[in-house]
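Analysis of the macromolecular model
Spelled out, the chains give:
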Amino acid sequence: MENIHQRCIVCGEERTAGIAIWDQFICQPCEQEMVKTDVNDEKYPFFIHQMRQIWLKKNA
Ligand SMILES: [Zn+2]
């Protein structure tokens, strides 16, 4: 089986493991980072921003 590299929308790295949200891809490390990131964490707004990009594309 061929591993398909996809570019993560959060970190920009090309990886094989991760989740696809519509036509966007979030790698596993980033997904886990998002899951454990607290709302008060300084990284949280960044993740939300990245997720908004997906929403905006989807609803465009
Ligand atoms: Zn990533």
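What this report covers is the structure whose coordinates are included nearby. In this text, all values refer to a predicted model and were calculated from it rather than measured experimentally.

We now examine the coordination of the zinc ion. The zinc ion binds to the protein through C8 (SG), C11 (SG), C27 (SG) and C30 (SG); the donor distances cover 2.3 Å. Bound by four donor atoms, the zinc ion shows angles of 102 to 116° at the metal and therefore tetrahedral coordination geometry. Of note, the donors binding the zinc ion are all from one chain and are spaced C-x2-C-x15-C-x2-C. Linking C8 in the loop between strand 1 (6–7) and strand 2 (14–15) with C30 in helix 1 (residues 28–36), this pair joins segments that are 22 residues apart in sequence. Judged by relative accessible area, C8 falls into the buried class, the value being 3%.

Generally speaking, nonpolar side chains in soluble globular proteins are found buried as a group. Membership of the largest hydrophobic core is limited to eight residues, which are C8, V10, F25, I26, C27, C30, M34 and F47. Looking at this core, the elements with two or more residues in it are strand 4 (24–27) and helix 1. No other element matches the three residues that strand 4 contributes to this core. Sequence-distant contacts of V10, defined by excluding residues within four places in its chain, comprise I26, C30, M34, F46, F47 and Q50.

Another point: the pairing of strand 3 (residues 18–21). Sheet analysis places strand 3 next to strand 4, joined by four bridges and oriented antiparallel. Counted as the bridge partner of I21 is Q24 from strand 4. Here strand 3 hands over to strand 4 after two residues, with W22 in that stretch at a positive phi of 50°.

About the criteria used
- Residues numbered from 1 in each chain as written.
- Predicted model: local features only at pLDDT ≥ 70, side-chain atom pairs only at ≥ 80, totals over all residues.
- Heavy atoms only, no water.
- Donors = N, O, S within 2.8 Å, 3.2 Å for Na, K, Ca; no water.
- Tetrahedral: all angles 85-135°; square planar, octahedral: opposite > 155°, others 65-115°.
- Helix = DSSP H or I, 4+ residues; strand = E, 2+ residues; numbered from the N terminus.
- Buried < 20%, exposed > 50% of the residue type's maximum accessible area, 1.4 Å probe, protein only.
- Core = buried A, V, L, I, M, F, W, Y, C linked by side-chain atoms within 4.5 Å.
- Contact = heavy atoms within 4.5 Å.
- Pairing = 2+ DSSP bridges.

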